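Below, each chain spelled out in residue letters.
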Amino acid sequence: MAGFLENKKIEDMKAVYFIESRSESIIDDKIKEIRTYLKDKIDIGNDLKIFNAGDLSDPKDLYNFLNTPSFFSIKKVVILKNCEKILKDPLKIISDFVLKTSNPNENAVIFLTSAEFKKAGMFHALVKQFGEVITINKPTSENLKKRVLEKVELDGIKITPKALEIFIGNINDDLNILENEYEKLYLYVCYDDKKIINEDIVKRLVIRSVTFTIFNFVDHIGYKNFKMAAELIPTLGADENAVSGVIKQLFLMFKSVLYIKDGERGRNEAKTYLERNIHTNPGFILRILDKYARFARNYKPEEIIKIIGILNDFDIRKRKTDEPAINFLYGLLSKIQFIQ
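Residues numbered from 1 in each chain as written. Predicted model: local features only at pLDDT ≥ 70, side-chain atom pairs only at ≥ 80, totals over all residues. Heavy atoms only, no water.

### Side note on the overall build of the protein chain
Across its full length, the protein chain carries 16 helices and seven strands. In summary, the protein chain has a C-alpha radius of gyration of 27 Å against a globular reference of 20 Å for 340 residues, an excess of more than 25%. Taken along the three principal axes of its C-alpha coordinates, the protein chain extends 80 × 50 × 30 Å. In the protein chain, buried positions account for 45% of the 340 residues. Pairs at least 24 residues apart make up 72% of the contacts formed inside the protein chain by residues separated by at least 6 positions. A total of about 18,300 Å² of accessible surface is found on the protein chain, and carbon and sulfur atoms cover 49% of it. Here the protein chain contributes 54 positive and 49 negative side-chain charges, whose respective centroids are spaced 2 Å apart. (Helix = DSSP H or I, 4+ residues; strand = E, 2+ residues; numbered from the N terminus. Rg over C-alpha atoms; globule rule 2.2 N^0.38 Å. Buried < 20%, exposed > 50% of the residue type's maximum accessible area, 1.4 Å probe, protein only. Contact = heavy atoms within 4.5 Å. Areas by Shrake-Rupley, 256 points an atom, 1.4 Å probe, with all protein chains shown as cover. Lys, Arg positive; Asp, Glu negative; His and termini not counted. Charge placed at Lys NZ, Arg CZ, Asp CG, Glu CD.)

Put into structure tokens, the structure is as follows:
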């Protein structure tokens, strides 16, 4: 369990935790994390309940749940969403339970959630005396789509589903590119009345990254489909930074493939190597590993070692000459294709 519950024992938890974030996606993820944390610590089915303050017109369930002792769990857990909308009666139930219990954190943990702590003034004294505030104002998800949704919610703007699909496709799952390109979109709409990023805005501002073409070029080499790789060279040759990107990605691929040739231990070493060199989510790293495992069937270890030597030679050559990128890339591809 990341963040505020990490390494905590349930016995040591406070009576009240207030989670504030302007992103509903983040709050929903935190509730899932709470459930995951508690699943082997309490009887989830009987001793955890989630209430929405906006729908809590009949507070009897809340009263009965809090005031009925548990025979199965160390503590009961209440999660109250949108707590700033709470009505007088359920507010009194929670306040009485905490204030009139000699040691409230012995029996229950109450998680309150809201977009902003300041909007829930009725809970301020209670949280100050018996709990703590957890503020989340940065995206937390490793999944890039969810990360973008968290960012737009935190920034008070919106993005259409189609625009989101195009945006993720154009940045090619690259977290570093995401941050830079999202900033363009945010600045474009933040002063607009509607504050909506649509597909036309994404197409206009976020050009499909040359990185995507580099990855395709490298993948074709991994599959030994040199004809398809050669067809991408004119596109790559038009970008002055593409050569450096190609050499870097080929190094990453062939070094990882060489590790993978060493079996399960090598696969773990390849995973560690990729994690050090690629800033992306763990799921994407595993997808890359699976792809590289397929490439490993196409190359013998001695071929890979020769190719890494070729890449070193071409990396030095690139820094010493002003050779046109397109000629350089054709030469590199030819050397790899016809390994001696």
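### A few points about the side chain of S95
Checked against the element boundaries, S95 lands in helix α4 (residues 88-99). Apart from the residues within four sequence positions on either side, S95 is in contact with K100 and L126.

### Observations regarding the pattern of salt bridges
Opposite charge on two side chains makes pairing possible when the charged atoms of those side chains draw close. The final tally for this structure, using the stated rule, is 22 salt bridges. With a shortest N-O distance of 3.6 Å, K119 and E116 are connected by a salt bridge. The residue D315 makes a salt bridge to R319 at a minimum N-O spacing of 2.9 Å. Of this pair, D315 and R319 are both found in helix α15 (residues 301-320), four residues apart, which corresponds to roughly one turn of the helix. Taken together, the salt bridges that share partners define one network made up of K92, D96 and K100. (Salt bridge = Lys/Arg side-chain N within 4 Å of Asp/Glu carboxyl O.)

### Concerning the nonpolar core
Of all hydrophobic cores here, the largest spans 44 residues; its most connected members are F217, I221, L250, M253, F254 and L332. Listed by contribution, the elements that provide at least two residues to this core are α10 (210-222), α11 (226-237), α12 (242-260), α13 (263-277), α14 (282-296), α15 and α16 (325-337). Counting residues per element, this core draws most heavily on α12, which supplies 11 residues. Setting aside chain neighbours within four positions, we find F217 in contact with A229, L232, I233, L236, V246 and L333. (Core = buried A, V, L, I, M, F, W, Y, C linked by side-chain atoms within 4.5 Å.)

### Focus: the packing of aromatic side chains
As enumerated under the stated definition, the model contains eight aromatic pairs in all. Within the aromatic cluster, the residues linked to one another by ring pairs are Y223, Y292 and F295. The ring of F65 carries the charged tip of K76 above its face, separated from the ring centre by 4.4 Å. Between the NZ or CZ atom of K224 and the centre of the ring of Y299, over which it lies, the distance is 4.7 Å. (Phe/Tyr/Trp six-rings, centres within 6.5 Å; stacked < 30°, edge-to-face > 60°. Lys NZ or Arg CZ within 6 Å of the ring centre and 35° of its normal.)

### Quick notes on the sheet that holds strand β4 (residues 108-114)
Read from one edge to the other, the open sheet built from five strands follows the order β2-β3-β4-β1-β5, with strand pairing classed as parallel. Each of the sheet's edge strands pairs with one partner strand only, and the pair in question is β2 (48-52) and β5 (131-135). Going across the sheet, the axis of each strand differs from the next one's by a mean of 15°, ignoring polarity. Note that strand β3 (residues 76-81) and β4 share five bridges and pair parallel. Among the inter-strand pairings, V77 is bridged to a residue of β4, identified as V109. Against the sheet, helix α1 (residues 24-38) makes contact with β1 (16-20), β2, β3 and β4, and its axis sits at roughly 175° relative to β3, the strand it touches most. (Pairing = 2+ DSSP bridges. Axes fitted to C-alpha atoms, helices over the stretch in contact; angles between N-to-C directions.)

### What to know about unusual backbone geometry
A positive phi angle, near 55°, is found at K195, a position not held by glycine. Counting through the fold element by element, K195 comes out in the loop between α8 (175-189) and β7 (196-197). With phi around 60°, K224 is a residue other than glycine that occupies positive phi space. Tracing the backbone shows K224 in the loop between α10 and α11. Among the residues examined, K224 registers a relative accessible area of 34% and is labelled partly exposed.

### Focus: the pairing of β2
Relative to β3, β2 runs parallel, the two being bridged by five bridges. Along β3, the bridge assignment pairs I50 with I79. As a crossover connection, the stretch from β2 through helix α3 (residues 60-67) into β3 is right-handed. (Right-handed = clockwise from strand over helix to strand, strands pointing away.)

### Structural notes on α10
Between its first and last C-alpha, α10 extends 18 Å over 13 residues, near the 18 Å set by a 1.5 Å rise per residue. For α10, every residue scored as buried is listed here: T211, T213, I214, F217, V218, D219, H220, I221 and G222. Just past α10, the residue K224 takes up positive phi, approximately 60°. (Expected span 1.5 Å × (residues − 1).)

### Here's the deal with the packing of α11 against α16
Between α11 and α16, whose axes approach to 9 Å, the crossing angle comes to 160°. The pairing of α11 with α16 is recorded here as roughly antiparallel in orientation. Here α11 runs over α16; the crossing is right-handed. Residues F226, A229, A230, I233, P234, L236 and G237 of α11 form the contact with α16, whose participating residues are A325, I326, L329, Y330, L333, I336 and Q337. Class assignment of the residues belonging to the contact of α11 with α16 gives a composition of 12 nonpolar, two polar and no charged. (Parallel < 35°, antiparallel > 145°, perpendicular 65-115°, else oblique. Left-handed = near helix turned anticlockwise from the far one by under 90°. Nonpolar A, V, L, I, M, F, W, Y, C, P; charged D, E, K, R; others polar.)

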